[in-house]
Amino acid sequence: MNDDPGVSLASLEDVLITRELFGRPARPSDFGVESAALQRLVQLLADDPDALLQRLLTLARESCDADSSGVTLIEHGDDGSDVLRWVAVSGPLSRHVGRTTPRDRSGCGICLDRASPQLFVNPARHFPDLAALGPLAIHEALVVEFHHAGEQL
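Report follows, based on the coordinates. Just so it is clear, the model here is predicted, and its values are computed rather than measured.

1. Quick word on the packing of aromatic side chains
Step number 1: Tallied over the full model, the rule gives 1 aromatic pair.
Step number 2: With a centroid separation of 5.7 Å and an interplanar angle of 80°, the aromatic rings of Phe-120 and Phe-127 are classed as edge-to-face.

See below:
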């Protein structure tokens, strides 16, 4: 995983804290905010469907009080290797839209391999491609898989 022998990376177990999800209190529902967000999405779907994904990410980021949110999709290479492409991002990481990361060097790859949501703390300590983005200080990252027609996206 580490291409630079002079850099010591944390183990996956050091950054993977998914078990903590089950002990955290649930956020209280805010039906007014949720309803308003759904109304804006429905209107956007009617007015500008091409902007829907980006707006959905912005609404998710705002409603979760997160710094960033994004969607990464699997791309299968001709050589059989998979890369993950950042197809839409909201927040400070948005300048990295289009970036690719090998599946085996990404928290998204771990999520796909385990077929369940994964929570990471300071993930750049383990994933060198995140560390290479600069001083972004990603404290926590929750990664959730999506499916379409029975396939992981």
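2. Re the sheet that holds strand β2 (residues 82–90)
Step number 1: Strand order in this open sheet of 3 strands is β1-β2-β3, and the pairing throughout is antiparallel. In the strand order of this sheet, the two ends are held by β1 (69–76) and β3 (100–102), each with one partner. Strand-to-strand, the axes of this sheet are offset by a mean angle of 30°, without reference to chain direction.
Step number 2: On the sheet, helix α3 (residues 52–63) packs against β1 and β2 and is oriented at approximately 70° with respect to β2.

3. Some points on the state of the cysteines
Step number 1: Scanning the entire structure with this criterion turns up 0 disulfides.
Step number 2: With no disulfide of its own, Cys-64 lies 16 Å from the sulfur of Cys-111, the closest cysteine sulfur.
Step number 3: The structure places no disulfide on Cys-111, whose sulfur is separated from the nearest cysteine sulfur, that of Cys-108, by 7.0 Å.
Step number 4: Exposure remark for Cys-111: the relative accessible area of 1% places this residue in the buried category.

4. So, the side chain of Gln-118
Step number 1: Within the fold, Gln-118 resides in strand β4 (residues 118–121).
Step number 2: Reaching out from Gln-118, the side chain makes a polar contact with the side chain of Thr-18 at a distance of 3.1 Å.
Step number 3: Looking at Gln-118, its side chain comes within polar contact range of the side chain of Ser-116, at 2.9 Å.
Step number 4: Not counting the four nearest positions on each side in its chain, Gln-118 is found in contact with Leu-16, Thr-18, Ile-110, Cys-111, Ala-141, Leu-142 and Val-143.

5. Some thoughts on the environment of Pro-49
Step number 1: For Pro-49, the position within the fold is in the loop between α2 (31–47) and α3.
Step number 2: Taking relative accessible area as the criterion, Pro-49 reaches 46% and is therefore assigned partly exposed.
Step number 3: Separated by 29 residues in sequence, Pro-49 and Asp-78 place their C-alpha atoms 31 Å apart.

6. Observations regarding a nonpolar patch on the surface
Step number 1: Together, Leu-21, Phe-22, Leu-53, Leu-56, Leu-73, Val-87, Leu-142, Val-144, Phe-146 and Leu-153 make up an exposed nonpolar region whose accessible area comes to about 900 Å².
Step number 2: Relative to the helices and strands, Leu-21 is located in the loop between α1 (12–15) and α2.

7. Points about helix α4 (residues 107–114)
Step number 1: Among all positions in α4, only Gly-107, Gly-109, Ile-110, Cys-111 and Leu-112 are buried.
Step number 2: The elements touched by buried residues of α4 are α1, β1, β2, β4, β5 (140–143) and β7 (151–152).
Step number 3: Two to three positions downstream of the cap, the backbone nitrogen of Cys-108 sits 2.9 Å from a side-chain oxygen, assigning the N-cap of α4 to Ser-106.

8. Quick look at the side chain of Thr-101
Step number 1: Tracing the sequence through the fold places Thr-101 in strand β3.
Step number 2: Note on Thr-101: relative accessible area 6%, which makes it buried.
Step number 3: Leave out the neighbours within four places in its chain, and Thr-101 touches Val-83, Leu-84, Trp-86, Ser-106 and Asp-129.

Calculation rules
- Residues numbered from 1 in each chain as written.
- Predicted model: local features only at pLDDT ≥ 70, side-chain atom pairs only at ≥ 80, totals over all residues.
- Heavy atoms only, no water.
- Phe/Tyr/Trp six-rings, centres within 6.5 Å; stacked < 30°, edge-to-face > 60°.
- Pairing = 2+ DSSP bridges.
- Helix = DSSP H or I, 4+ residues; strand = E, 2+ residues; numbered from the N terminus.
- Axes fitted to C-alpha atoms, helices over the stretch in contact; angles between N-to-C directions.
- Contact = heavy atoms within 4.5 Å.
- Disulfide = S-S within 2.5 Å.
- Buried < 20%, exposed > 50% of the residue type's maximum accessible area, 1.4 Å probe, protein only.
- Polar contact = N/O pair within 3.5 Å; in protein donor to acceptor, adjacent residues only side chain to side chain.
- Patch = residues over 30% accessible without salt bridge, like charges linked within 9 Å, V, L, I, M, F, W, Y side chains within 5 Å.
- Areas by Shrake-Rupley, 256 points an atom, 1.4 Å probe, with all protein chains shown as cover.
- Salt bridge = Lys/Arg side-chain N within 4 Å of Asp/Glu carboxyl O.

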